[in-house]
Amino acid sequence: YFFFQAEDGIRDSVASRGLGDVYKRQALFDTITRQSPLLKPTYENLNSIIGSTMNGVSCPSRYPSTLHTSMGKSAMNLVPFRRLHFFSLAATPISSVIPLEEKEKTTHEHVCQLFNPNSYLCTVNPKKGKYIASSLLFRGKFPTSEVEQEICEYEEDNSSNFVSWIENHSQIGYCKVPPCDIAKSSLMIANTTAISTGFSILVKKFRKLQRRRSFMHCYTGQGMDEMEFAEAVSGVEDLCSEYTQYQCALQPSLSYF
């Protein structure tokens, strides 16, 4: 059922102005095993990762933090185009599953880890696309000047991974209140064109099921028309094309509306 529900859900999400964070179960398993090879992941670990990540996303609304870390301002900075509001999340460390001796990292390591594909909670390789915008939140005692310098140097060294028509890609926020179990943590919400790869894989798998009419009766029996599935696939394919269009664009007309 998953592919049918995912296609229909993406279609409805594209039409709305709500923001969407994309997760993938296999990516969560991979993230845990990469950062802690001796650990056998469980669904409790996966739920813990998602919970701690969303806790980080919402912490500026619950604790004192810098002004530009508010969720409303982040949303405006992350979505230059109304339909492109599907985000990829990266976090370090995965506090609830990483051994204590591995939790302390330097600012440089935090920044590099956030942009590392292995830290993403969905199957996304940012090197196969370009960052449109990103919002980075650092919790704990981070030297602000060092953080800004590290991010600036990373963007300069990897300028090909960022779209050329946005000058300041990264919004940086700080919250002095760290997570309850570690002294420092960092989180990135990225709007990258590479996420279209995941949508394309979803379309291919969906079409295989559609050709065999697998599980189709479960939906048509409840009143859904088969044309709705065709519309959903078309909508996701249009979304992928739009991501590709803005990845290759030199200077598009920016408009949230």
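Keep in mind it's a predicted model, so treat the numbers as computed, not measured.

**A look at unusual backbone geometry**
Line of reasoning, step 1. Of note, the bond from Thr92 into Pro93 is cis; its omega dihedral lies within 30 degrees of zero at -10 degrees.
Line of reasoning, step 2. Of note, Pro93 is situated in the loop between strand 2 (86-92) and helix 5 (107-114).

**Let's talk about helix 3 (residues 43-58)**
Line of reasoning, step 1. The terminal C-alpha atoms of helix 3 lie 23 Å apart, and with 16 residues this matches the ideal 22 Å at 1.5 Å per residue to within 8%.
Line of reasoning, step 2. Those residues of helix 3 not exposed but buried are Asn45, Leu46, Ile49, Thr53, Gly56 and Val57. Projected down its long axis, helix 3 shows its buried positions confined to an angular sector of 115 degrees, all on one face. Looking at helix 3, the residues exposed on the side facing more than 90 degrees away from the buried face are Tyr43, Glu44 and Asn47.

**As for the nonpolar core**
Line of reasoning, step 1. Counting 25 residues, the largest nonpolar core has Leu84, Trp165, Phe199 and Tyr243 as the members making the most contacts within it.
Line of reasoning, step 2. When residues of this core are traced back to their parent elements, those giving at least two are helix 7 (195-212), helix 8 (216-220) and helix 9 (226-248).
Line of reasoning, step 3. Of all the elements, helix 9 adds the most residues to this core, at seven residues.
Line of reasoning, step 4. With 17 residues, the next largest nonpolar core counts Tyr120, Val147, Ile151 and Met188 among its residues.

Calculation criteria
- Residues numbered from 1 in each chain as written.
- Predicted model: local features only at pLDDT ≥ 70, side-chain atom pairs only at ≥ 80, totals over all residues.
- Heavy atoms only, no water.
- Helix = DSSP H or I, 4+ residues; strand = E, 2+ residues; numbered from the N terminus.
- Expected span 1.5 Å × (residues − 1).
- Buried < 20%, exposed > 50% of the residue type's maximum accessible area, 1.4 Å probe, protein only.
- Arc of directions from axis to C-beta.
- Core = buried A, V, L, I, M, F, W, Y, C linked by side-chain atoms within 4.5 Å.

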